[in-house]
Amino acid sequence: MFRIIPVTQPTADTKHPLLQLLAGHGDRYFFGKIPEGAQRACIEGKARLSRLNNIFLTGEMDWASIGGLPGMILTASDQGNKNMRLTYGSALLGYVVSTWRYFVFRFGMDLDVNTMKDGETYRDELISVKALNVRRPGMMGIEPLGKAAVQQFKFLAERMFPMLAPTAYQDPSSDPELSMRLPKDTMLQVSTSYEITFNPVRGKFDAKEAARLGVPGGPVRRELAEGRSITLADGTVITPEQVVHKQREFARVLILDVPSDDYIPAFFEKFADYNVEGLGAVYYLLGSEVTVSNELIRFMELFDGKTVKHFVSHDTITPNNISFWDSSVTMLKLKTLQPSSYNIPFTDRTLSGDFYRCFDKQLPVDAVVDNTSESPFSSTIESSRVFIYSTRVTASIEPYTPGDEPLKINITESPDRYQSWEEVYQKRIEPLKIENSNLHDVVTSQKEVDNFNTEGKRRDVEIMTLGTGSALPSKYRNVISTLLKIPYDADGRILNRNIILDAGENTLGSIHRLLHKVKIPRFFRDLKMIYLSHLHADHHLGIASLLKEWYLHNKEDPEAKIYLVAPWKYDTFIEEWFTLEDRSILERVNYISCEHFLDGPKRKPQGYQPSLGYPEEIDTTARNRLNLLVEKNGEKRRYVSDNSTVNIPWRHIRNMQKDLQIASFKTCRAIHCEWAYSNAISFYVGSSSKEQFKVSYSGDTRPNFDKFAKGIGKHSDLLIHEATLDNELLADAKKKKHSTINEAISVSNTMGAKKVILTHFSQRYPKAPQISGSLEVKAEACCYAFDGMIINYKSLGQQVTKLRYLRGLFAEEEDIESGQD
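Residues numbered from 1 in each chain as written. Predicted model: local features only at pLDDT ≥ 70, side-chain atom pairs only at ≥ 80, totals over all residues. Heavy atoms only, no water.

1. A closer look at the domain arrangement of the protein chain
Stage number 1. Each assigned domain of the protein chain is listed here: domain 1 (2-199 + 249-318 + 349-406) and domain 2 (207-242).
Stage number 2. Computed from C-alpha atoms alone, the centre-to-centre distance between domain 1 and domain 2 is 46 Å. (Domains from an automatic or database assignment.)

2. Quick word on the packing of aromatic side chains
Stage number 1. Evaluation of the coordinates by the stated rule reveals 35 aromatic pairs.
Stage number 2. Where Phe-31 meets Tyr-194, the ring centres are 5.9 Å apart and the plane angle is 70°; that geometry is what we call edge-to-face. One end of the pair, Phe-31, is in strand β3 (residues 28-32); the other, Tyr-194, is in strand β9 (residues 190-198), and 163 residues separate them in sequence.
Stage number 3. Residue placement shows Lys-361 over the ring face of Phe-387; its charged tip is 5.7 Å from the ring centre.
Stage number 4. For Lys-755, the ring lying beneath its charged end belongs to Tyr-793, and the centroid distance is 4.6 Å. (Phe/Tyr/Trp six-rings, centres within 6.5 Å; stacked < 30°, edge-to-face > 60°. Helix = DSSP H or I, 4+ residues; strand = E, 2+ residues; numbered from the N terminus. Lys NZ or Arg CZ within 6 Å of the ring centre and 35° of its normal.)

3. Looking at the sheet that holds strand β13 (residues 279-289)
Remark on secondary structure: sheet strands pair via backbone hydrogen bonds, oriented parallel or antiparallel.
Stage number 1. Strand order in the open sheet made by the seven strands is β7-β8-β9-β12-β13-β14-β17, with mixed pairing throughout. Either end of the sheet is taken by a strand with one partner, and the two such strands are β7 (121-123) and β17 (386-388). Here the average twist between neighbouring strands, direction ignored, is 20°.
Stage number 2. Pairing geometry for β9 and strand β12 (residues 252-260), over three bridges, is antiparallel. In the strand pairing of β12, Ile-196 is matched with Val-253.
Stage number 3. The sheet strands contacting helix α9 (residues 264-271) are β8 (127-135), β9 and β12, and the helix crosses β8 at an angle near 135°.
Stage number 4. Helix α10 (residues 294-301) contacts β12, β13 and β14 (309-313) of the sheet and is inclined by roughly 155° relative to β13. (Pairing = 2+ DSSP bridges. Axes fitted to C-alpha atoms, helices over the stretch in contact; angles between N-to-C directions. Contact = heavy atoms within 4.5 Å.)

4. Remarks on the packing of helix α11 (residues 325-337) against helix α13 (residues 421-429)
Stage number 1. Packing of α11 against α13 brings their axes to within 11 Å, and their N-to-C directions diverge by 75°. As far as their axial angle goes, α13 and α11 are roughly perpendicular. Contacts from Trp-325, Ser-328, Val-329, Leu-332, Lys-333 and Thr-336 in α11 reach Trp-421, Val-424, Tyr-425, Arg-428 and Ile-429 in α13.
Stage number 2. Across the contact of α11 with α13, the residue classes tally to seven nonpolar, two polar and two charged. (Parallel < 35°, antiparallel > 145°, perpendicular 65-115°, else oblique. Nonpolar A, V, L, I, M, F, W, Y, C, P; charged D, E, K, R; others polar.)

5. Considering the side chain of Ser-179
Stage number 1. Structurally, Ser-179 can be placed in the loop between α5 (147-160) and β9.
Stage number 2. A polar contact of 3.2 Å, which involves the side chain of Ser-179, links it to the side chain of Lys-569. (Polar contact = N/O pair within 3.5 Å; in protein donor to acceptor, adjacent residues only side chain to side chain.)

6. Here we look at the pattern of salt bridges
Stage number 1. Taken as a whole and judged by the stated rule, the model has 39 salt bridges.
Stage number 2. A salt bridge links Glu-195 to Lys-130; the shortest N-O distance between them is 3.9 Å. In this pair, Glu-195 sits in strand β9 while Lys-130 sits in strand β8, placing the two residues 65 residues apart along the sequence.
Stage number 3. Residue classification places Glu-195 among the buried residues on the basis of a relative accessible area of 11%.
Stage number 4. When its relative accessible area of 29% is taken as the criterion, Lys-130 is described as partly exposed.
Stage number 5. Note that Lys-154 is salt-bridged to Glu-158, the shortest N-O span being 3.5 Å. Pair noted here: Lys-154 and Glu-158 are both in helix α5, with a separation of four residues, about one helical turn. (Salt bridge = Lys/Arg side-chain N within 4 Å of Asp/Glu carboxyl O. Buried < 20%, exposed > 50% of the residue type's maximum accessible area, 1.4 Å probe, protein only.)

7. Things to note about unusual backbone geometry
Stage number 1. In this model, Lys-46 sits at a positive phi of 60°, which is unusual for a non-glycine residue.
Stage number 2. Along the chain, Lys-46 turns up in the loop between α1 (38-45) and β4 (52-57).
Stage number 3. Residue classification places Lys-46 among the exposed positions, given a relative accessible area of 64%.
Stage number 4. If you check the backbone angles, Asp-491 has positive phi at about 55° while not being a glycine.
Stage number 5. Within the secondary structure layout, Asp-491 lies in the loop between β21 (481-490) and β22 (493-503).
Stage number 6. A residue is classified by how much of its surface remains accessible, and Asp-491, at 68% relative accessible area, is exposed.

Printed below as a string of structure tokens:
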């Protein structure tokens, strides 16, 4: 038996659908897109990445479709996966993987980036998968990327995932052989779909019937079992059909990814004569630019073999259900202690009433319905065979004997974990017996309330900790991302400066889930800067989607721009990525290197940039152009051989200071990895005075007293510091170049920070960070960050009065997690 289990559905958390094909003995295949949040969904759904060896990507290539892929590959490698095969219908996949070369690296994994032409088939001992590619309309005359480019991509993948031995450069950004320019001339987009055929089950050998017919034991029976006739001693011919039961087969499955209405005519043409005999299920992965209409239903009817099951995924069909219940329950528990410091995650979405009525489906409770069709939809497909795509709907494909029994696909629809927030409160909060808490104050009156940037806090500095975990997403904490809202009083008119400090995977999903949709356009118009502290994937895999969303809300304003302050090489990734997706975004992004804000001498990196950089050139030309490694303070670093000054984009820096009313912006080197930085930024708070608000952000680092606490961050109004590990794990902190909670407090005390937020906690447990045994905090207030926490700077510190509840709050989760160790 095979099972098809949806891992993600299109929601605020996970933008696209992903399917897991699970074989009876544990082999896993992924089909669909790998959106940001997919890895976290695997954790929630207990899908083991160590058994995942094949990912078949569908649709077109954009960051929303594969933003979760680099993190998933890294985690699969860490879980012991030695082989991963990525498949897509275009060499663009090789280009995509190559853009990660400065921040994705794992030793001991064989990553195979595979292109399948239209009609080409992959086979293994369990399944056969045929690629069904449809070119984007208007690209019919464009030739795909050539052999030289494909060879280049292969070379880069081998450098990023070396199997036999570690390379000399454990930090990919320092490997000169990765510093090559990718080809950009031909970006052929296709939409890839797949037909899955399951290998048949050979019929069982009937030993009793063979004995009755006089077939002796031994090799002759093997001949029959393998499908060959034999002749007995008396001349009787025995055929396999006489002693071997009929072969059993499985229904075929189609996975069709239609990105937009533009593709519909080409899909009609491609599948007009498709043979539906033996077809059991069709998954329609429809992009948001597909119109749900009678024409779409006519397309579905091409595949209706009267027994076919149809699963439809679309933004206006699939509900915006909670994807990560464990973290949502955690937020509701914390909200019980501080009702105005958290939002109840928003689940509203406008759904197609026309589609739901056509197939007699029950709309979710409180659904907003949009009826756009002038006439009702109609279909020849039986409503009982049409399913709303959801992570709760699983298809089991079982073997059947053609001619003797019908094909077998069983559908299991499990209920959602909770039907309402009231139910969550009654089952998970009330048993905790938290004093002075009640359903009305925590849930009923708060369902549609957004506690961020309310009218009463327009003039207040606010912080929203969108993600507070380290290394990789977990059920309870997403990877790191911190939002600052710093108002500016322009003679009575309040202007917001939204700044994001690091943006791990699915930061955008958290924003859409935790802020009310009516506030989203204003939020992104106020987003002025994204700061990246270093190139570890858990700190920046969410930036590309943030930039795209920012552009969506600002493209009509030709003067709007966003500042991206990031380490060396990240600008190369951004340029290469949006060359593929939308170059107009690049015109609005002003990139400034963290190196430019260093208080002391600046380092100019050396990078080899050949015109195309084919692999055969690397070994000779690149090495000849390298500068010598110079040791400084016992650490090897690469320097330019001459004394040329670093090219500093003074125009961007001056514009940023003016646009954001920045009085001072300084960085210092963090004690973590190459090209890692801590920062300190002073903002003017209004036009009528020189008053400033100073915030310092550590990024990932060991305690840095000289350069950070006593240097650029001295006397900060707010310090946001990583506190990855509990105090008893000091040895681990030193090894991994992180800080313990006590070390972070020591930095705050040395800095003389007025207030401090501790974040970036270890993902091992969902518990509150270690409080007992910690150093005395000399700051006016200290806050331990949790995902989704909304902190008003003025009232920062109120959490302290609730600390006694925290351990009891997470006792249930700690018991569950401890049992899984």
